[in-house]
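Close look at the chain arrangement
Given next are the chains, with one letter for each unit.
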Amino acid sequence: MLAFVLRRLLQAAVVMLAVAWVAFMLFQYVGDPVLQILGQDATPEEVARVRAELGLDQPFFVQFAHFVVNAMQGNFGVSLRQGAPVAQLIAERLPATLELALVAALLALVVGIPMGVYAALKRGTWLAQLFMTFSLLGVSLPTFLIGIVLILVFAVQLGWLPSFGRGEVVQLGWFSSGLLAPGGWRHLVLPAVTLAIFQLTLIMRLVRAEMLEVLRTDYIKFARARGLTDRAIHFGHALKNTLVPVITITGLQLGGLIAFAIITETVFQWPGMGLLFIQAVTFADIPVMAAYLCLIALIFVVINLVVDLLYFAVDPRLRLDKAGGH
């Protein structure tokens, strides 16, 4: 187990170095930060002074080493657009994105798994067919279109839910939550549903496919021959083995929810990291773009490591293979 963890940590370090290299290249080839700070009318003396202050007059690999050390400390410099430390901007926007992604992931799991189990056990019924049709729509329709339709129906026509912003929030240390604020949950419903629909349909189809595959195995046939009830077979044996690959997909999709919440946050003007990144791209704010890239990569690496450990713990065949040397 220790060797498995160390190997995964080494792989994670290599991935983060590669991402740091890509982020560092943004400073080298996407605009000139000195001219963005001083403007086009800066004198050569002013340009040389700022370059020396920023360390841009040093050799390339020395600059990259300084960038990696500063990134490990959470220091990505100052936003060229807002003039505030990038770490401060990320810390202000991160709770909104985390709350949105976690609620969307929970919604996808709570709804997607039962729908997938029902669609597998009740094949051919009208409700199972309806679930499969819904899954095709959820996979096919773009996220921004789903968001616009939900805004049109529930915000404009029915007037039940707000269409933009986060509403009132409650501070819990560095973390801010709208779920605990009066009416804050109403602002979260539409963006969370929009973000969850694709993941929900993906989980539903995965659970259905895995459930049908497990139900065809020999040990399920043996369990039926022993006289076990359908409830014991379906939920005590089949579903338990079905959830092993679901853990992997769900963990990776959580990272995807955080990374690709950009469209949802833009449609609903949700004040999270995705909206901050879109604004940074619009104004070529390189420090914010580099920080976002490194943070998202770190989230993916951590989630992938946790999923690997859970997979290793849940599936005993992996432990047996390692112990047996196969």
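Residues numbered from 1 in each chain as written. Predicted model: local features only at pLDDT ≥ 70, side-chain atom pairs only at ≥ 80, totals over all residues. Heavy atoms only, no water.

1. A word on the overall build of the protein
- Within the protein, the regular secondary structure consists of 14 helices and two strands.
- Sequence-distant contacts, at least 24 apart, represent 71% of the contacts inside the protein between residues at least 6 apart. (Helix = DSSP H or I, 4+ residues; strand = E, 2+ residues; numbered from the N terminus. Contact = heavy atoms within 4.5 Å.)

2. Looking at a nonpolar patch on the surface
- Nonpolar side chains collect at one region of the surface, where Leu137, Leu141, Phe144, Leu145, Ile148, Val149 and Ile263 lie side by side and expose about 590 Å² of accessible area between them.
- Within the fold, Val149 resides in helix H7 (residues 143–157). (Patch = residues over 30% accessible without salt bridge, like charges linked within 9 Å, V, L, I, M, F, W, Y side chains within 5 Å. Areas by Shrake-Rupley, 256 points an atom, 1.4 Å probe, with all protein chains shown as cover. Salt bridge = Lys/Arg side-chain N within 4 Å of Asp/Glu carboxyl O.)

3. Regarding the pattern of salt bridges
- A full pass over the atoms with the stated rule returns one salt bridge.
- Its salt-bridge partner being Arg166, residue Glu99 comes within 2.9 Å of it at the nearest N-O pair. Of this pair, Glu99 sits in helix H5 (residues 86–121) while Arg166 sits in the loop between H7 and strand E1 (170–172), and the two are 67 residues apart along the sequence. Taken as a pair, Glu99 and Arg166 share a single burial class, namely buried. (Buried < 20%, exposed > 50% of the residue type's maximum accessible area, 1.4 Å probe, protein only.)

4. Things to note about the packing of aromatic side chains
- Per the counting criterion, the structure on display carries seven aromatic pairs.
- Each ring, one from Trp21 and one from Phe64, has its centre 5.1 Å from the other, and the planes form 70°; the classification is edge-to-face. Of this pair, Trp21 sits in helix H1 (residues 2–29) while Phe64 is found in helix H4 (residues 60–72), placing the two residues 43 residues apart along the sequence.
- Residue classification places Phe64 among the buried residues on the basis of a relative accessible area of 14%.
- With a centroid separation of 5.7 Å and an interplanar angle of 50°, the aromatic rings of Phe24 and Phe67 are classed as tilted. Placement of the pair is Phe24 in helix H1 and Phe67 in helix H4, with a sequence separation of 43 residues.
- Overall, Phe67 belongs to the buried group, its relative accessible area being 10%.
- Taken together through their ring pairs, the aromatic side chains of Trp21, Phe24, Phe64, Phe67 and Phe76 make up a single cluster. (Phe/Tyr/Trp six-rings, centres within 6.5 Å; stacked < 30°, edge-to-face > 60°.)

5. Considerations on helix H12 (residues 273–282)
- Within H12, the full set of buried residues consists of Met273, Gly274, Leu275, Leu276, Phe277 and Ala280.
- Just downstream of H12, Ala284 is the residue with a positive phi angle, here 55°.

6. Here's the deal with the confidence of the model for the protein
- Averaged over every residue, the pLDDT of the protein is 80; residues scoring 70 or more account for 89%.
- Mean pLDDT across the secondary structure elements of the protein bottoms out at helix H14 (residues 316–324), with 52, and peaks at H7, with 89.
- Note on residues 322–326: pLDDT is under 50 here. Beyond four places in sequence and across chains, it has three contacts. (pLDDT = per-residue confidence, 0-100.)

7. Regarding the nonpolar core
- In this structure, Phe67, Ile258, Met273 and Ile296 are the most contacted members of the largest nonpolar core, which totals 45 residues.
- Broken down by secondary-structure element, the contributors of at least two residues to this core are H1, H4, H5, helix H8 (184–215), helix H10 (230–259), H12 and helix H13 (286–314).
- Sort the elements by how many residues they give to this core and H13 lands first, with eleven residues.
- Residues within four places of Phe67 in sequence aside, it is in contact with Ala20, Ala23, Phe24, Phe27, Phe76 and Ala290.
- Counting residues in hydrophobic clusters, the runner-up holds 22 residues, among them Leu200, Ile203, Ala223 and Leu239. (Core = buried A, V, L, I, M, F, W, Y, C linked by side-chain atoms within 4.5 Å.)

8. What about the packing of H5 against H12?
- Close contact between H5 and H12 brings their axes to 7 Å; oriented N to C, the two are set at 130°. As the angle between them shows, H5 and H12 are arranged oblique. Between H5 and H12, the contacting residues are Leu89, Ile90, Arg93, Leu94 and Thr97 on the first element and Met273, Gly274, Leu275, Leu276 and Gln279 on the second.
- Residues belonging to the contact of H5 with H12 are distributed by class as follows: six nonpolar, three polar and one charged. (Axes fitted to C-alpha atoms, helices over the stretch in contact; angles between N-to-C directions. Parallel < 35°, antiparallel > 145°, perpendicular 65-115°, else oblique. Nonpolar A, V, L, I, M, F, W, Y, C, P; charged D, E, K, R; others polar.)

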